[in-house]
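Read off the chains here:
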Amino acid sequence: MSFKSNDCQQLTFDDSLFSLTEREKKALEKSWAKIFADEIFPAIDEERFSVLYSEKASRPNTPVNVIVGALIIKELFDYSDDEIVENLMLDLHLQYALHTTSFSEQPLSDKSLSRFRNRCYAYETSHGVDLYHDCVKDLSSKIAKLMNINGRIKRMDSMMIESNIRFLSRMELIYTCISKLVTVLKNAGCTIDEALDHYADPNDYNKIFYHQRHDDMNEIISVLLKDSDKLLEICGEDYLENTEYQLFIRCLSDQTVIEEGNRRLRTKEDGTMNSSALQNPSDPDATYRNKAGKLHRGYAANLEETVGKNGSVVTDYQYDKNIHTDSQFLQETLNAMDKSDEEIVLITDGGYDGQDNIALAKEKNVKLVTTALIGKESPDALADFVFNEDGTKLLTCAAGHEPISQSYTKSTRQCRVSFDRNQCVNCPYREQCRPKIYKKVATFITSKNASNRAKSQRYMQSDEFSNYAKLRNGVETVPANLRNNFHINHLPRGRQRGKFFFGGKIAALNFRKLFNYRKGLGNYAQNPALT
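Residues numbered from 1 in each chain as written. Predicted model: local features only at pLDDT ≥ 70, side-chain atom pairs only at ≥ 80, totals over all residues. Heavy atoms only, no water.

Trainee: Would you take a moment to explain the overall build of the chain for this structure?
Mentor: From N to C terminus, the chain includes 19 helices and 14 strands. The C-alpha radius of gyration computed for the chain amounts to 30 Å, which surpasses the reference 24 Å derived for 531 residues by more than 25%, pointing to a less compact arrangement than a globule. Overall, the C-alpha framework of the chain stretches about 95 × 80 × 45 Å when taken along its three principal axes. Residues classed as buried in the chain amount to 47% of the 531 residues present. Partitioning the contacts of the chain with sequence separation of at least 6, the portion at a separation of at least 24 is 69%. Carbon together with sulfur atoms contributes 47% to the accessible area of the chain, which is approximately 27,800 Å² in total. Across the chain, the 70 positively charged side chains and the 75 negatively charged ones have centroids separated by 7 Å. (Helix = DSSP H or I, 4+ residues; strand = E, 2+ residues; numbered from the N terminus. Rg over C-alpha atoms; globule rule 2.2 N^0.38 Å. Buried < 20%, exposed > 50% of the residue type's maximum accessible area, 1.4 Å probe, protein only. Contact = heavy atoms within 4.5 Å. Areas by Shrake-Rupley, 256 points an atom, 1.4 Å probe, with all protein chains shown as cover. Lys, Arg positive; Asp, Glu negative; His and termini not counted. Charge placed at Lys NZ, Arg CZ, Asp CG, Glu CD.)

Trainee: Please clarify how the nonpolar core should be interpreted in this entry.
Mentor: Here is a general trend for soluble globular proteins: nonpolar side chains tend to be buried in one another's company. Formed by 74 residues in total, the largest nonpolar core has its most connected members in Phe 116, Leu 482 and Phe 502. Not counting the four nearest positions on each side in its chain, Phe 502 is found in contact with Met 159, Ile 161, Ala 301, Leu 303, Tyr 317, Tyr 319, Leu 482, Ile 488 and Leu 491. Counting 29 residues, the second largest nonpolar core, distinct from the first, contains Leu 168, Tyr 239, Tyr 245 and Leu 278. (Core = buried A, V, L, I, M, F, W, Y, C linked by side-chain atoms within 4.5 Å.)

Trainee: Whenever I open this one, unusual backbone geometry confuses me. Can you help?
Mentor: Peptide bonds are trans in most cases, and residues, glycine excluded, mostly fall at negative phi. Unusually for a residue other than glycine, Arg 413 sits at a positive phi of about 55 degrees. The backbone of Arg 434 sits at a positive phi, close to 50 degrees, despite the residue not being glycine. Structurally, Arg 434 can be placed in the loop between helix H15 (430-433) and strand S13 (436-437). We classify Arg 434 as exposed; its relative accessible area is 68%.

Trainee: Which parts of the structure should I look at to understand the confidence of the model for the chain?
Mentor: A low pLDDT means the predicted coordinates there should not be read in detail. In the predicted model, the chain carries a mean pLDDT of 91, and the fraction of residues at 70 or more is 97%. When pLDDT is averaged over each helix and strand of the chain, the minimum, 86, is found for helix H9 (residues 204-209) and the maximum, 97, for helix H7 (residues 131-146). (pLDDT = per-residue confidence, 0-100.)

Trainee: Which parts of the structure should I look at to understand the environment of Glu 39?
Mentor: With respect to the helices and strands, the residue Glu 39 is situated in helix H2 (residues 32-40). Among the residues examined, Glu 39 registers a relative accessible area of 23% and is labelled partly exposed. Along the chain, Glu 39 and Ser 104 lie 65 residues apart, while their C-alpha atoms are 24 Å from each other. Not counting residues within four places of it along the chain, the set of residues in contact with Glu 39 comprises Leu 146, Leu 514 and Arg 518. Polar side-chain contacts of Glu 39 include one of 3.2 Å to the side chain of Arg 518. (Polar contact = N/O pair within 3.5 Å; in protein donor to acceptor, adjacent residues only side chain to side chain.)

The structure is reproduced here in structure tokens:
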């Protein structure tokens, strides 16, 4: 299938729009379809996706801008693939939004969307480039411009997304992996021990776990572990590329250990369980995390929202395993950025804090404002300490004195400094610095990180910070919006597939913001920081 752009959408004499009455045309012009057709559809860059198709002359592709537009509308109205295809044939709103009113036959078939997604998955797997994410990000930036949001102030937050999987006990997990592997072996015609045949029976799971006495559980575990060793012998090295075998090996590695030639379940004495351990073979990418006292199995998404007087737009997003921290998300965002000509203010919560993050943001001309700080509080006087650029040398203290001598410890990034004894004994900041007083000198340990933290603490008392903190609270509504209106906890399993569908929901959310802005339906609280 070759690529052909759909850059010409001329009206034909039999266009369905010509058959509308004036009243019907007026209603169509006032609907969401008008804004989508005029602003979103023309902004979709088809050329980005040309790499998904063959360069050889062959049957042309389904128009990419129609596919991408349909994927956004699908999330906007919570349609399934079949529903969006059917509605496109029957609903003039969709045809108008996607510029297909002149088509004698609507271009989407029952497989168009799934084949497009699979092409995007394959390209990302082989090239490491998520074309759909780039497309959604580009559309989001254009929506921000349409809403006159200049991008000077951004806010960031993350959210946990539960994988659509059932919680499995350790015994159920091992059994499930064995069952899936045995089924694959039998379908492949492999000869296996008759004692393992029952794992391929669909009713065997209930017999094992619901028709047994609780007292038999230890015996069942012993049988499962012995059967696991039998499977290892049967498979040898013949199934190393098989997905079910790989998951089986991963499960055994996570849950069991070999002791004196016998396999047993892993215990606390063997070390803590890795949070990246397999949770369910139905979703191998899902990970485990305990956050704020709540257990999560699945993924984490990071949202960057650009704010202005006319509202806000989610201009970028990230999607990864839930063991990915806020700090890692921030560092990846900053590393992907070019240095900005104008200073950008990025407002986050305390999870994004850290002196390394602040330094990296400064390199990109980004002012990182965190509404909370992690770690130990620093004395206020440290805010007036002056260090050299790399923090290896203290130039002057809060009282303006220069150290007599000092040494720098690279591993802790701290300076051990010595001052004249009399300077420290009579210093008004002595109780904050708390130096050790000797006969001739006074010494204490400090660091540039501690000084920067003290500056941050002092800044948090300012009116400017108070305005930024109030502004950040708005980003907390985005996760709730996505959960309640876009059913974010029902994404397909797998990191790659989940990220694709998540991107479509972000695009739909942004279009809804644009529609409300154009119709004057937005209610935007003004903040002095935005002027």
